[in-house]
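Spelled out from the first residue to the last, the chains are:
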Amino acid sequence: MNFNDIIVVGAGIAGTMTALSLQRRGHSVTLIDKWEPGHPRASSTDYNRVIRAIHGRDEFYTRWAREARLQWLELQEETGQRLYYECGALILATAGHCDWEDATCETFSKLGVPHHRFDQRELAVRFPQFKSDDIAYGIYEPEAGLLMAHRAVISAVQLFQKLGGVVKRGAVSTDADEYPLLDGKRMQADRIIIATGPWMADMFPRTIKPISTVVGVNVLYTATPAGNERYDHSNMPCWIDHGQGSFGMPSVEGHGVKAAVVIPDKIDLDNDERLIRRSTIDRTRQYIRKRLPGLEGERVVDSKFNQIILTPDTHFIVDWHPAHDKVLMVGGCSGHLFKHGPVFGDFAAGVAAGEYATADRFKLGKRKKLSPSESPSGR
Ligand SMILES: Cc1cc2nc3c(=O)[nH]c(=O)nc-3n(C[C@H](O)[C@H](O)[C@H](O)COP(=O)(O)OP(=O)(O)OC[C@H]3O[C@@H](n4cnc5c(N)ncnc54)[C@H](O)[C@@H]3O)c2cc1C
């Protein structure tokens, strides 16, 4: 059955990919956002995001990430835009705290995901950018890399429009029953899909707020040394450094090295000025001194302040609102949705169209915190 009127609210990666997949399936879809798609407050619109299949013991997301990589390559081909740089990804396993990294190795071997394990001595030779004296070993995933996040959202929105999808501006609110309202009136459509990312918590105070936390995250881009290509994507992978609460990306398209030290911060989504905190600059410099000493003294050239919405188990949400049978809630809630974007959107579209039910892990309702070794994100 084709629906003549599906509304998707939220043009971040979750909403855009869901809308695109529904449009491809022959439904008529309108994508609504309160700001222009690509705006800087959205979680999806930094320059870049890592894509890697590294998810600890979790085979489900490992498989999804592998499939997503193929779909990103197809989308790149279809849009003619450079969306993906396959520079690889490296997990640095801190000596004495390697459960999640050990689990990732087992999952990769079981599922046949290409990877190499380097001991500390090999790491120093293969990836001389990193000072790895406290690292037990590294897992390198060559078929991983970075996605040009902002460009990917814009390209997907444009493709959606090319296929007949409609994009509109509008601020959706909810009434006391958590039913979506537009211009103060109850929205009418065959399906209403809510993909408002971190804004979901305040819009759905009974359904989403109790199972989510929104944290602000500041990240900095540091200049590469003049005349030196060592820190470019052609010579350096993305990396994850859980022991230091950090991850990062090499420089791509001249943006600089994104060494992100995660310092969870409070954020007022609509009212905060998106300016970087002094503490982030100090902590990032400390991190660079420890892990990337060749960048010490290089200047900050750009920054980004946005946010992550997290569920306790870091599993996504794809489920019908308990009181409204046409309202589907779809959300990242994890800090790792971007990479899965095309697969997630396709899955959510199938649920919205009634082709299948959602997966147990994505259901609304009580969520429990997982131990770092069980968690897909290692948190
Ligand atoms: C610093 C940082 C690093 C990250 N790194 C990675 C990574 O390396 N790899 C990875 O896969 N993921 C990463 N993530 C996570 C990933 O970016 C997010 O999970 C993903 O972007 C969430 O997308 P979304 O579409 O759910 O939300 P958003 O992108 O925030 O989109 C929500 C949209 O809804 C709109 N909206 C909100 N309220 C309303 C309303 N009332 N009416 C109409 N529209 C509304 C907003 O304007 C916005 O455009 C990172 C996140 C952060 C913050």
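Draft legend 1. Layout of the overall build of the protein chain. For the protein chain, the helix and strand inventory stands at eight helices and 20 strands. Over its C-alpha trace the protein chain gives a radius of gyration of 20 Å, about what one expects of a compact globule, namely 21 Å for 379 residues. Looking at the 379 residues of the protein chain, the share that counts as buried comes to 49%. Restricting the contact set of the protein chain to residue pairs at least 6 apart, pairs at least 24 apart contribute 74%.

Draft legend 2. Structural view of the site of the ligand. Contacts to the ligand come from 38 residues, most closely from Gly10, Gly12, Ser44, Gly197 and Gly332. The set of elements that each furnish at least two residues to the shell around the ligand consists of α1 (13-24), β2 (29-33), β3 (48-51), β14 (213-222), β18 (300-310) and α8 (337-352). Among the residues forming the shell around the ligand, the class breakdown is 20 nonpolar, 14 polar and four charged. In this structure, the shell around the ligand is formed jointly by two domains, domain 1 (6-46 + 149-212 + 313-362) and domain 3 (214-307), each of which donates at least three residues.

Draft legend 3. Main features of the sheet that holds strand β11 (residues 180-182). The strand order across the open sheet built from three strands is β10-β11-β12, with neighbouring strands paired in antiparallel fashion. Only two strands of the sheet have a single neighbouring strand rather than two, namely β10 (172-174) and β12 (185-186). With three bridges connecting them, β10 and β11 associate as antiparallel partners. Paired with Val172 across the strands is Leu182, a residue of β11.

Draft legend 4. How the structure looks around the pairing of strand β7 (residues 135-141). Of all seven residues making up β7, six are buried, and the element is well covered by its neighbours. With six bridges joining them, strand β5 (residues 89-94) and β7 adopt antiparallel strand pairing. Residue pairing across strands places Ala89 opposite Glu141, the latter belonging to β7. For strand β6 (residues 116-119) and β7, the ladder comprises four bridges, and the chain directions are antiparallel. From the neighbouring strand, Arg117 faces β7, where its bridge partner is Ile139.

Draft legend 5. Focus on the sheet that holds strand β13 (residues 191-194). In space, the six strands of this open sheet follow the order β9-β2-β1-β13-β20-β19, with mixed pairing throughout. In the strand order of this sheet, the two ends are held by β9 (166-169) and β19 (317-321), each with one partner. The sheet shows a mean angle of 20° between the axes of neighbouring strands, taken without regard to direction. Judged from the four bridges that link them, strand β1 (residues 6-9) and β2 form a sheet pairing that is parallel. Residue pairing across strands places Ile6 opposite Val29, the latter belonging to β2.

Draft legend 6. Up close: the domain arrangement of the protein chain. Assigned domains of the protein chain: these are domain 1 (6-46 + 149-212 + 313-362), domain 2 (89-142) and domain 3 (214-307). Every contact between the two is made by eight residues of domain 1 and, on the other side, six residues of domain 3. Residue classes in the side of domain 1 that touches domain 3 are distributed as four nonpolar, two polar and two charged.

Draft legend 7. Spatial organisation of helix α7 (residues 278-291). For α7, which comprises 14 residues, the first-to-last C-alpha distance of 20 Å matches the rise-based estimate of 20 Å (1.5 Å per residue) to within 8%. If you check which residues of α7 are buried, you get Thr280, Thr284, Tyr287, Ile288 and Arg291. For α7, the angular spread of buried residues about the axis comes to 100°, placing them on one side. Exposed and facing more than 90 degrees away from the buried side of α7 are Arg278, Ser279, Asp282 and Gln286.

Draft legend 8. Looking closely at the nonpolar core. Counting 104 residues, the largest nonpolar core has Val8, Val9, Leu146, Ile193, Ile194, Val330 and Ala352 as its most contacted members. Ranked by residue count, the leading element in this core is α8, at nine residues. Leaving out residues up to four positions away in the same chain, Ile194 has contacts with Val9, Gly10, Pro180, Met200, Val327, Met329 and Val330.

Draft legend 9. Seen up close, the pairing of strand β17 (residues 257-261). When you tally the buried positions in β17, you get five out of five residues, the bulk of the element. The alternating pattern of β17 places Val257, Ala259 and Val261 and Lys258 and Ala260 on opposite faces, both of which are buried. Summarising the sheet, β14 and β17 pair through three bridges and their orientation is antiparallel. Within β17, the position partnered with Leu220 by the bridge is Ala259. Where strand β16 (residues 246-249) meets β17, four bridges bridge the pair, whose relative direction is antiparallel. Paired with Gly248 across the strands is Ala259, a residue of β17.

Calculation criteria
- Residues numbered from 1 in each chain as written.
- Predicted model: local features only at pLDDT ≥ 70, side-chain atom pairs only at ≥ 80, totals over all residues.
- Helix = DSSP H or I, 4+ residues; strand = E, 2+ residues; numbered from the N terminus.
- Rg over C-alpha atoms; globule rule 2.2 N^0.38 Å.
- Buried ≥ 20, exposed ≤ 12 C-beta atoms within 10 Å, placed from the backbone.
- Contact = placed C-beta atoms within 7 Å.
- Near = placed C-beta within 6 Å.
- Nonpolar A, V, L, I, M, F, W, Y, C, P; charged D, E, K, R; others polar.
- Domains from an automatic or database assignment.
- Pairing = 2+ DSSP bridges.
- Axes fitted to C-alpha atoms, helices over the stretch in contact; angles between N-to-C directions.
- Expected span 1.5 Å × (residues − 1).
- Arc of directions from axis to C-beta.
- Core = buried A, V, L, I, M, F, W, Y, C linked by C-beta atoms within 7 Å.

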